[in-house]
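Letter by letter, the chains look like this.
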Amino acid sequence: QPILHGAYLSIICIIISSLFSYPFQIMGILLHFLFCIAVIIHANKTEKSVQYPIFLQKTNLIIDRITLLSTALCLLFLGQESFKFYIKLNDAIRYSNTGFRKKAIQTYSKISANPVEDSDVLYNYADELAKVNKIDSALIVLRKSANYLNNDKSALLMASLLQEKGMLSEAEKHYKK
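Quick caveat, the model's predicted, so the values are computed rather than measured.

Caption draft 1: The arrangement of the overall build of the chain in detail. Helix and strand counts for the chain stand at eight helices and zero strands. If you list the helices and strands of the chain from N to C, you get α-α-α-α-α-α-α-α. Within the span of the chain, comprising 177 residues, buried residues form 31% of the whole. Roughly 11700 Å² of accessible area belongs to the chain as shown, and the carbon and sulfur atoms make up 63% of that amount.

Listed below in structure tokens is the structure:
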């Protein structure tokens, strides 16, 4: 039964990748996961169908399908929020790339209010604020992102903003990072 083995292996791969990423944010992977669960449930039901009377088979089938449907609805509901998040993020990036700074800042502001804080979103938001000379706001957002992201790019932006503010000794520390 190669389809059943493929379903098991797919679920194992998705579970392993979820240790390092968020695969259920991608709608295709979410639907693939649900399809694999359906294949496994169907395969298990056909194997066990000879053990139960017909009434119990139908009852178990109904319970399994309701369980699968409720799991799918829960995953889709949770996945929908992250899907909307990434749509807004793509809009903000597109606004930024086309030069619509105010729209990009407004979109990043809405996104950064999300309870799940993404360090790249915060960095991009601070960068947009810096491009329109909102140095104080950019520093606040960049310090917030430093809790999650502390790389050369963010250190250079922080140093540049601090240098513009005249805080040279603190800017030098970030340039040395």
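Caption draft 2: How the structure looks around helix 1 (residues 2–18). Here helix 1 contains 17 residues, and its C-alpha end-to-end distance of 24 Å stays within 8% of the 24 Å for a straight helix at 1.5 Å per residue. Turning to helix 1, its buried residues are Leu4, Ala7, Ser10, Ile11 and Ile14. The buried side chains of helix 1 occupy one side of the element, clustering within an arc of 120° when seen end-on. Looking at helix 1, the residues exposed on the side facing more than 90 degrees away from the buried face are Pro2, His5, Leu9 and Cys13.

Caption draft 3: Region of the structure containing the pattern of salt bridges. Counted by the stated rule, this structure contains five salt bridges. Put simply, glutamate 128 and lysine 131 hold a salt bridge, and the shortest N to O gap is 3.8 Å. One end of the pair, glutamate 128, and the other, lysine 131, are both in helix 5 (residues 119–131), three residues apart, so they sit about a helical turn from each other. Using a relative accessible area of 1% as the deciding quantity, one classes glutamate 128 as buried. You can call lysine 131 partly exposed: its relative accessible area is 44%.

Caption draft 4: Region of the structure containing unusual backbone geometry. One non-glycine residue, asparagine 133, adopts positive backbone phi at about 65°. You can see asparagine 133 is positioned in the loop between helix 5 and helix 6 (135–146).

Caption draft 5: Summary view of helix 7 (residues 152–165). Taking 1.5 Å of rise per residue, the 14 residues of helix 7 would be expected to cover 20 Å, and the 20 Å separating its terminal C-alpha atoms lies within 8% of that figure. Those residues of helix 7 not exposed but buried are Ser154, Ala155, Leu157, Met158, Ala159, Leu161 and Leu162.

Caption draft 6: Geometry of the side chain of threonine 107. With respect to the helices, strands and loops of the structure, threonine 107 is situated in helix 4 (residues 101–112). Owing to a relative accessible area of 13%, threonine 107 belongs among the buried residues under this scheme. Excluding its chain neighbours within four sequence positions, the residues that come into contact with threonine 107 are Lys88, Ala92 and Tyr95.

Caption draft 7: Expanded view of the nonpolar core. One finds Tyr108, Leu142, Leu157 and Leu161 to be the most contacted residues of the largest nonpolar core, which totals 24 residues. Counting residues per element, the ones that place at least two in this core are helix 3 (54–98), helix 4, helix 5, helix 6 and helix 7. Top element by residues in this core is helix 5. It accounts for seven residues. Residue contacts for tyrosine 108: discarding those within four places in its chain leaves Leu89, Ala92, Ile93, Val121, Asn124, Tyr125 and Glu128. Residues Leu4, Ile11, Ile40 and Ala43 belong to the second largest nonpolar core, which totals 11 residues.

Caption draft 8: Inspection of the packing of aromatic side chains at higher detail. Throughout the structure, instances matching the rule amount to one aromatic pair. Over the ring of tyrosine 95 we find arginine 94, and its NZ or CZ is 5.5 Å from the ring centre.

About the cut-offs
- Along each chain, the written sequence defines residue order, and numbers are assigned to residues from 1.
- The predicted nature of this model means local features are confined to residues of pLDDT at least 70 and side-chain atom pairs, given and counted, to a pLDDT of 80 or more, with totals for whole chains, interfaces and linings taken over all residues.
- Side-chain descriptors were evaluated using all non-hydrogen atoms of the structure, hydrogens and water having been removed beforehand.
- What counts as a helix is a DSSP run of H or I of at least four residues, what counts as a strand is a run of E of at least two, and both are numbered from the N terminus.
- Accessible area is worked out with a 1.4 Å probe on protein chains only. A residue is then buried under 20% of its type maximum, exposed over 50%, and partly exposed in between.
- Here the Shrake-Rupley method, with its probe set to 1.4 Å, supplies the accessible areas, and only the displayed protein chains count as covering residues.
- Take the residue count of a helix, subtract one, and multiply by 1.5 Å to get its expected span.
- The arc in question is traced by the directions running from the helix axis to the C-beta atoms.
- Salt bridges are defined by distance alone: a side-chain nitrogen of Lys or Arg within 4 Å of a carboxyl oxygen of Asp or Glu.
- The contact criterion used throughout is that any non-hydrogen atoms of two residues lie within 4.5 Å.
- Side-chain atoms within 4.5 Å link the members of a nonpolar core, which is a set of buried Ala, Val, Leu, Ile, Met, Phe, Trp, Tyr and Cys residues.
- Pairing of aromatic rings covers Phe, Tyr and the six-membered ring of Trp, with a centre-to-centre limit of 6.5 Å; geometry is then stacked below 30 degrees between planes, edge-to-face above 60, and tilted otherwise.
- Charges are assigned to positions over rings by a cutoff of 6 Å between ring centre and Lys NZ or Arg CZ, combined with an angular limit of 35 degrees from the ring normal.

From the geometry alone we can't say anything about function, so treat these as descriptive.
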